[in-house]
Amino acid sequence: MLKRYDGAGKVSIKGAIFMQELSARTRQLAFASMRRFADLVADEPDAIFLTIGQPHFPTPAHIAEAAKRAIDEGFTSYTPNRGILPLREAASAYYERFTGYRYDPGSEVLVTVGTTHAIDIAMRALLEPGDEVVIPAPAYPGYEGAVRLAHGTPVFVDTRSTGFLLTPDALREAITPRTKLLILASPANPTGSVYSEQQLSDLASVCVERDLYVLSDEIYAELQFAGSPVSISQMPGMRERTLVLHGLSKSHSMTGWRIGFAFAPAPIAAEMAKAAQFSVSCPSSISQMAALEALTRGQEDSRPMREAYRANRDLAVRALRDMQVPVEAPSGAFYVFPALPKALGMTSDAFCEALAREAHVALVSGMCFTSYGEGYVRISLACSEQTLREALARMANFVERRRQHRAPHGA
Ligand SMILES: Cc1ncc(COP(=O)(O)O)c(C=O)c1O
C-alpha cells in the first residue's frame, strides 16, 4: 500500500504505483538488451557467449596490488569530487602522449565513475531541453539514454553505406538550428570503425563552421590496430569545443573498477564536476589508486591485449568472408559487425535467436545499436582464439544449412 499526502494534509491510500506518475524521461528508455540471446542458452553446457563488451583478460596483477595496498593503508575515504590530484596529473600526462598538448589537471580533468558517468555528466552540463545531438549509427546504446535523461533529442545518422563513418555531408544534412553536439567514437562500438586524420579534420571544419560541441569518446584508443590514435580535439579550433572521454575499462581490463576520465575546457569541466558531486560525490578511492598505478606503470599493459584482438579480428574477418558474408574489417576495439542476418535474408533478432537455439552461439543483435543495425550482428572478439574458432565453425555450419534450406530443390 502506498500512502499519499494531498495538499490539504489528507492521506489517501493506493494499492499500486501509477506508471504515469513516474518520470517520463526514464519511462521512455528501454534496457539495452545485450544479454537477450545469451540468456536463451545460459543453461547449455556447450554454449559460447560472444556478447559482452569486456576484455577476457584479468586486470593486470600490479594494478590489483595497488588497490590492495590502498585498502591496507586505509585509503578508504571520500576523495575530492574531481578525483585525487595525482591521478588527474597522471591522466593529463597520459593523454598528452597522444595529443602533444596538456589539459590542466586542476581545472580541465575529471576522474569519473567509468566513461558511462562521464557521458552522463557531459550531457547534463551541456544540454538544454530540446537540444539535438547528432549520433552516427549504428551506435553504442549508452549515448541515447544519457541524451534523453538530460532532456536532449538524439538524431541518429545512418553510416551503413559509408563504412560506418560519418561524412561531412551527412553531418551537414543532420544539423538544424537546435543541434548543439556531435558524438563521435573512434574506434567505435559496435563497428570498430576508426576515423583518419583527414576525416577528422573535415568533420572538425563543419563543427567549427556550424558552432557545434563534440563529445569524443576515445575509450578504445589504445585498441586501435594500426597507426597512432588521433583525436578530433587536435584539429584547429576544436580544443575549446571538444569534451574528450576516456576510461580504463577496455585498455586495462578494468570494467568493474569503474574509472573513466573527462578532459574538457575549464568552464565545462566545472559544470560537469557539479553534476558529478550531486550524483556520486567521487569515484571509489580504492579504484583511483589502482587507476594511478595503471596510468603510471601500466602503459604497456594494453599491448598484448591489442595483439590478441587483432589476431582474432583477422581470424573472424577471414572466416566471414569465406562464408560470403559482407563485413568491414574493423580497425580497432574488439568487435566485428558483419551483415550476417542480411546475407541470409533474416532479421537480426531472428538470426540471433536461431543461432542461439541451433548452434548455442550467443551474439548481440544489430538492433541493440538503433534500427540502423538491422541486418547486422555484433560478434565480440574478446575471447580465446580457440573459442572464436569453434564459434565461427558453428556459424559457418549454420549459414550453410540455412542456405541449403532456402535454395530451391535441384538448384
Ligand atoms: C563506446 C563506449 N563508450 C563508453 C563505454 C562505457 O564504458 P565504462 O563506463 O565501463 O568506462 C563503453 C562500454 O562498453 C563503450 O563501448
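As annotated in an unreviewed UniProt entry, the protein chain carries the name Aminotransferase and is attributed to Alicyclobacillus vulcanalis. What the UniProt record of the protein chain gives under Sequence similarities (unreviewed entry) is the line "Belongs to the class-I pyridoxal-phosphate-dependent aminotransferase family." Recorded under Cofactor (unreviewed entry), the UniProt text for the protein chain is reproduced unchanged: "pyridoxal 5'-phosphate".

**Describing the nonpolar core**
By size, the foremost hydrophobic cluster in this structure holds 42 residues, and its most contacted members are Leu50, Phe351, Leu363 and Met395. Taken together, the elements giving at least two residues each to this core come down to α11 (302-322), β11 (335-336), α13 (348-359), β14 (377-380) and α14 (385-406). Broken down by element, this core gets its largest block of residues, seven residues, from α11. Composition of this core by domain shows at least three residues from each of domain 1 (22-51 + 302-404) and domain 2 (77-297). Counting 31 residues, the second-largest nonpolar core is a separate cluster that includes Ile119, Ile121, Leu126 and Val133.

**Description of the packing of aromatic side chains**
In this structure the tally under the stated criterion is 15 aromatic pairs. With 5.7 Å between their ring centres and 85° between their planes, Tyr220 and Phe334 make a pair best called edge-to-face. Taken together, the residues Tyr220 in the loop between β8 (213-217) and β9 (242-247) and Phe334 in the loop between α11 and β11 connect sequence positions 114 residues apart. You can call Tyr220 buried: its relative accessible area is 3%. The class of Phe334 is buried, set by a relative accessible area of 0%.

**A word on the site of the ligand**
Around the ligand, the neighbouring residues are Gly114, Thr115, Thr116, Tyr140, Tyr143, Asn189, Asp217, Ile219, Tyr220, Ser249, Lys250 and Arg258. Between Lys250 and the ligand, the recorded distance is 2.7 Å, taken from a side-chain N or O atom to an oxygen atom. Between the ligand and Arg258 there is a distance of 2.8 Å, counted from an oxygen atom to a side-chain nitrogen or oxygen. Alone, the ligand offers 400 Å² of accessible surface; in the complex the protein occludes 93% of this. When residues in the shell around the ligand are grouped by element, the largest group, three residues, is from helix α5 (residues 114-126). Partitioning the shell around the ligand into residue classes produces four nonpolar, five polar and three charged.

The rules behind the values
Residues numbered from 1 in each chain as written. Predicted model: local features only at pLDDT ≥ 70, side-chain atom pairs only at ≥ 80, totals over all residues. Heavy atoms only, no water. UniProt positions renumbered as here; feature names shortened; annotations may be inferred. Core = buried A, V, L, I, M, F, W, Y, C linked by side-chain atoms within 4.5 Å. Buried < 20%, exposed > 50% of the residue type's maximum accessible area, 1.4 Å probe, protein only. Helix = DSSP H or I, 4+ residues; strand = E, 2+ residues; numbered from the N terminus. Domains from an automatic or database assignment. Phe/Tyr/Trp six-rings, centres within 6.5 Å; stacked < 30°, edge-to-face > 60°. Near = heavy atom within 4 Å. Polar contact = N/O pair within 3.5 Å; in protein donor to acceptor, adjacent residues only side chain to side chain. Areas by Shrake-Rupley, 256 points an atom, 1.4 Å probe, with all protein chains shown as cover. Nonpolar A, V, L, I, M, F, W, Y, C, P; charged D, E, K, R; others polar.

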